[in-house]
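So you can see what is in the structure, the chains are spelled out below.
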Amino acid sequence: QVQLVESGGGLVQAGGSLRLSCTASGLTFNPYTMGWFRQAPGKEREFVAHITWNSAGTHYVDSVKGRFTISRDNAKNTVYLQMNSLKPEDTAVYYCAADKDYSGTYSPDDYWGRGTQVTVSS
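All of the points below concern the structure found in this document. These numbers come from a predicted model, not from an experiment.

Our focus in this paragraph is the packing of aromatic side chains. Tallied over the entire structure, the rule returns six aromatic pairs. Ring geometry for Phe37 and Tyr106: centres 5.1 Å apart, planes at 70 degrees, overall edge-to-face. On the criterion of sequence distance, the pair formed by Phe37 in strand E4 (residues 34–39) and Tyr106 in the loop between strand E9 (92–98) and strand E10 (111–112) is long-range, its members being 69 residues apart. Taken as a pair, Phe37 and Tyr106 share a single burial class, namely buried. What links up through ring pairs into an aromatic cluster is the set Phe37, Phe47, Tyr106 and Trp112. For the cation-ring pair, Arg45 lies above Tyr95, with the distance from its terminal atom to the ring centre recorded as 3.6 Å.

Moving on to the sheet that holds strand E7 (residues 68–73). With antiparallel pairing, four strands are arranged side by side in an open sheet as E1-E3-E8-E7. Each edge of the open sheet carries a strand with a single partner, namely strand E1 (3–7) and E7. Averaged over all neighbouring strand pairs, the angle between strand axes comes to 15 degrees, with direction disregarded.

A separate point is the nonpolar core. Generally speaking, nonpolar side chains in soluble globular proteins are found buried as a group. Grouped together as the largest cluster of nonpolar side chains are 29 residues, with contacts concentrated most on Leu4, Trp36, Leu81, Met83 and Tyr94. In this structure, Leu4 is in contact with Cys22, Thr23, Ala24, Met34, Cys96, Ala97, Ala98, Tyr111, Trp112, Gly113 and Arg114, ignoring residues within four places of it in sequence.

This part covers the side chain of Arg67. Structurally, Arg67 is set in the loop between strand E6 (58–60) and E7. In this structure Arg67 comes out as buried when scored by relative accessible area, which is 10%. Side chain to side chain, Arg67 and Asp90 meet in a polar contact 2.7 Å long.

With that out of the way, let us pick up the state of the cysteines. Among covalent bonds in proteins, the disulfide is the one between the sulfur atoms of two cysteines. Tallied over the entire structure, the rule returns one disulfide. Linked covalently through their sulfurs, Cys22 and Cys96 form a disulfide whose S-S length is 1.9 Å. Judged by the torsion about the S-S bond (60 degrees), the Cys22/Cys96 disulfide is right-handed. Taken together, the residues span a long stretch of sequence, with Cys22 in strand E3 (residues 18–25) and Cys96 in strand E9 at a distance of 74 residues. The residues Cys22 and Cys96 share a single accessibility class, namely buried.

Burial along strand E11 (residues 116–121) is one-sided: Thr116, Val118 and Val120 are buried, while Gln117, Thr119 and Ser121, pointing the other way, are not. The pairing of strand E2 (residues 10–13) with E11 spans four bridges and is parallel. Pairing of Gln13 across the sheet is with Ser121, part of E11. Alignment of E9 against E11, held across three bridges, turns out to be antiparallel. Pairing of Ala92 across the sheet is with Val118, part of E11.

About the cut-offs
- Residues numbered from 1 in each chain as written.
- Predicted model: local features only at pLDDT ≥ 70, side-chain atom pairs only at ≥ 80, totals over all residues.
- Heavy atoms only, no water.
- Phe/Tyr/Trp six-rings, centres within 6.5 Å; stacked < 30°, edge-to-face > 60°.
- Helix = DSSP H or I, 4+ residues; strand = E, 2+ residues; numbered from the N terminus.
- Buried < 20%, exposed > 50% of the residue type's maximum accessible area, 1.4 Å probe, protein only.
- Lys NZ or Arg CZ within 6 Å of the ring centre and 35° of its normal.
- Pairing = 2+ DSSP bridges.
- Axes fitted to C-alpha atoms, helices over the stretch in contact; angles between N-to-C directions.
- Core = buried A, V, L, I, M, F, W, Y, C linked by side-chain atoms within 4.5 Å.
- Contact = heavy atoms within 4.5 Å.
- Polar contact = N/O pair within 3.5 Å; in protein donor to acceptor, adjacent residues only side chain to side chain.
- Disulfide = S-S within 2.5 Å.

Below, the structure is given as structure tokens:
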């Protein structure tokens, strides 16, 4: 089985940057499409970005396009989310997930991390 652990969250001012990391344990090679999600206070969890196993395909929610970049290093079993030009509305707990069942979507059946807090001050 796989465990995902996010790191890199913190408090930054608007316009600042953070790089989140999600490291998987339990595997030396992770072929799964990996995604980042976030959940802001009082809101439902939303999709942010995902990346295929070979990094050939990426997708972003419109609100982060041009500001966030998802990448991965399979040798390190790690997925990254580089977040630039952060805005207060980016404040949320950020979660990573692995599409364990290759469904193309993410559900409780997939692997999820426990999240890392990102807070952007105005």
